[in-house]
Amino acid sequence: MARIAVGGFQHETNTFAPQRATWADFERADAWPGFIRGPELIEAVEGFNIPIAGAVKMSQELGHDLVPLCWCSAPPSSYVERDAYEKVAGAILQDLAAAGPLDGIYLDLHGAMVAELHEDGEGELLGRIRALVGDKVPIVTSLDYHTNMTPEMVRHASAMIGYRTYPHIDMAETGGRAAQLLDRLLRDRRPLYKAYRQIDFLIPLVWQCTLTEPAKGIFELIGEIEQGSRRGAGSPAGSHNQGIVSITHTPGFPPADIAECGPALVVYGLDRDAAEAAADRIAAAIRDREAQFAGKLYTPDEAVVEAMRIAAHATKPVVLADIQDNPGAGGTSDTVGLLRALIAHRAKGAVIGMMVDPEAAERAEALGEGALLDCGVGAKVGYAGETPVESEWRIVRLGSGRFTGTGPMYGGAKFQIGPMALVTDEASGVSAVLASKRIQANDKEMFRHVGVEPAEVPILALKSTVHFRADFQPIAETILCVNSPGAHVSDPSELPYRHLRPGIRLRPMGPVRE
Ligand SMILES: [Zn+2]
């Protein structure tokens, strides 16, 4: 039995987004728990599909004694404010200092945090922890798929284990794998050799999905190399890969104006040559597939016309993905380009969500079902100079914003996203689901909560880039990706980087950063 400290600090920072992450954003619950510190942490995270939940469960099964630190996350947004960063990092450091002798540390990190004063939020945090506990205590972290994995993170963490799915359906599982690896390090007492590579082109999120190529094949190769290592010397592939303990590849989070932005990978092994060879092989496989990270994007008008054409003969919904206004990547989730196109083309029966508009949601709650809304919908943040959609919005159904998720990503999540409402534009028959807190439209319950059965809608517009696919692809006739204004600018070559390292291509096969 070992004594292991467990905690987490998650943020995905889109430095180009309009809203910063404040302490209050980390403090409050949304789909996931709010800031939690001390013994209550263990119970508070139980049952959620988040890494720390999986790590806690696995560590307990392995018989370890857990020392809870703190855990928190905030919705993806721009820079983490200095005060918020120092409060959380300070709590982690204080609790580690007070914990007494520890055998190991597990941390649930996203891996794309940019704080106001630290462009490598996790590298800084891990560096401070390493300075406190010294070189002998193993530190293992889990990481999001969208990590910008930096050299500092690789240096300070003993090992890091990333998700292998996008949509992320393996979050708790990844935490469990991290806990197993920490357990192995504690038993083996052998340091791991680290082979780290950065890939020299940025990959837009919309083409990072693991349900399709090329990401699917890359992660299959990674799985094969690990499996080969486990099979050992019995097979030729096995002997070649012997000594490889774990592989993490993170395709990166492009809208982060930092030097080390972009895809990277790290191979942990007991054998230096095997680890370096595997790292070269995976890096080559990614580079060989560069041109495959591509696909069709529609303008809002093209998408709505095409969706109406298909929906006329379809039995299942046509899903429109509003990929740039994804709050899971820093979008405001209130832009109205796609909503206006649906109304202009009179796409009767179409539903768009989540339209994050606390003002309209609260007005709807005050006015009641059946009344007409007395304010416009969306565009309250005003990104890209947009204005709210003024119309005869009928309040059809209200919701408290408290419900439990059922999809592959958010199953078991206890949502607390404030007043919600379904409102319908009388003239066009287009509806919007209003919410009060920024949350990505990736669970069917968000619609059912206000009386909409997603499978029965002709056209469903979702403010999400890829995650919606976990719960909505199975019910979709087809999916069209739409480029409407949003703070998650999909093509990185359109972003005004100032700190990104020179020499990296700004998108697959794209222009080189000078
Ligand atoms: Zn992610």
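Everything numeric here is computed off the predicted structure, so don't read it as measured data.

Novice: Help me understand the coordination of the zinc ion in this model?
Specialist: Distances from the zinc ion to its protein donors, namely D144 (OD), H146 (ND1) and H168 (NE2), fall within the range 2.1 to 2.2 Å. Spacing between the donor residues of the zinc ion along the chain follows D-x1-H-x21-H. Of this pair, D144 sits in the loop between β7 (139–143) and α6 (151–156) while H168 sits in the loop between β8 (159–162) and α7 (171–188), placing them 24 residues apart in sequence. As far as burial versus exposure is concerned, D144 and H168 are alike and both buried.

Novice: Sorry if this is basic, but what is going on with unusual backbone geometry here?
Specialist: For residues other than glycine, phi is negative in most cases, and the peptide bonds are mostly trans. That bond from Y166 to P167 is cis: its omega, 10 degrees, falls within 30 degrees of zero. In this structure, P167 sits in the loop between β8 and α7. Following G353, the chain continues to M354 via a peptide bond in cis, the omega torsion being -10 degrees. Mapped onto the secondary structure, M354 falls in strand β13 (residues 351–356). Unlike most non-glycine residues, A384 shows phi in positive territory, near 60 degrees. Among the structural elements, A384 can be located in the loop between α13 (358–367) and β14 (393–399). The class of A384 is exposed, set by a relative accessible area of 55%. One non-glycine residue, M509, lies in positive phi territory at about 60 degrees.

Novice: Explain the nonpolar core to me, please; I cannot follow it from the model alone.
Specialist: Grouped burial of nonpolar side chains is what soluble globular proteins tend to show. Counting 136 residues, the largest nonpolar core has F9 and V267 as its most contacted members. Listed in part, the 37 residues of the second largest apolar core include A307, W393, V423 and L480.

Novice: How do you make sense of the packing of helix α11 (residues 300–311) against helix α12 (residues 337–344) when you look at a structure like this?
Specialist: The interhelical angle for the contact between α11 and α12, taken along N-to-C directions, is 45 degrees, at an axis separation of 9 Å. Considering the angle they form, α11 stands oblique to α12. Along this stretch, α11 crosses α12, giving a crossing that reads as right-handed. Of the residues in α12, those touching α11 at P300, D301 and V304 are G337, L338, A341 and L342.

Novice: Would you mind going over the packing of helix α8 (residues 215–231) against helix α10 (residues 272–288) with me for this structure?
Specialist: Packed helices, taken two at a time, are described by the angle between their axes plus the distance between the axes. With their axes 10 Å apart at the nearest point, α8 and α10 run at an angle of 165 degrees to one another. When the axis of α8 is compared with that of α10, the two are roughly antiparallel. Remark: the crossing between α8 and α10 carries right-handed chirality. Along its contact with α8, which presents I218, L221, I222 and I225, the element α10 presents A278, R281, I282, A285 and I286. Counted by class, the contact of α8 with α10 contains eight nonpolar, no polar and one charged residues.

Novice: How should the side chain of D425 be read in this particular structure?
Specialist: Within the element layout of this structure, D425 appears in strand β17 (residues 420–425). Although D425 is buried, it forms no salt bridge, and the closest oppositely charged side chain is R346 at an N-O distance of 6.6 Å. At a separation of 2.4 Å, a polar atom in the side chain of D425 contacts the side chain of S428. Not counting chain neighbours up to four residues away, the residues in contact with D425 comprise I343, S391, E392, W393 and V430.

Novice: Got a minute to help me understand the environment of P138 in this structure?
Specialist: Relative to the elements of secondary structure, P138 occurs in the loop between α5 (121–133) and β7. Judged by its relative accessible area of 10%, P138 is buried. Separated by 45 residues in sequence, P138 and D183 have C-alpha atoms that sit 9.7 Å apart. Contacts of P138, omitting those with residues within four sequence positions, involve D103, G104, I105, S158, L182, L185 and L186.

Analysis parameters
- Residues numbered from 1 in each chain as written.
- Predicted model: local features only at pLDDT ≥ 70, side-chain atom pairs only at ≥ 80, totals over all residues.
- Heavy atoms only, no water.
- Donors = N, O, S within 2.8 Å, 3.2 Å for Na, K, Ca; no water.
- Helix = DSSP H or I, 4+ residues; strand = E, 2+ residues; numbered from the N terminus.
- Buried < 20%, exposed > 50% of the residue type's maximum accessible area, 1.4 Å probe, protein only.
- Core = buried A, V, L, I, M, F, W, Y, C linked by side-chain atoms within 4.5 Å.
- Axes fitted to C-alpha atoms, helices over the stretch in contact; angles between N-to-C directions.
- Parallel < 35°, antiparallel > 145°, perpendicular 65-115°, else oblique.
- Left-handed = near helix turned anticlockwise from the far one by under 90°.
- Contact = heavy atoms within 4.5 Å.
- Nonpolar A, V, L, I, M, F, W, Y, C, P; charged D, E, K, R; others polar.
- Lys, Arg positive; Asp, Glu negative; His and termini not counted.
- Salt bridge = Lys/Arg side-chain N within 4 Å of Asp/Glu carboxyl O.
- Polar contact = N/O pair within 3.5 Å; in protein donor to acceptor, adjacent residues only side chain to side chain.

That's the geometry; what it means functionally is another story.
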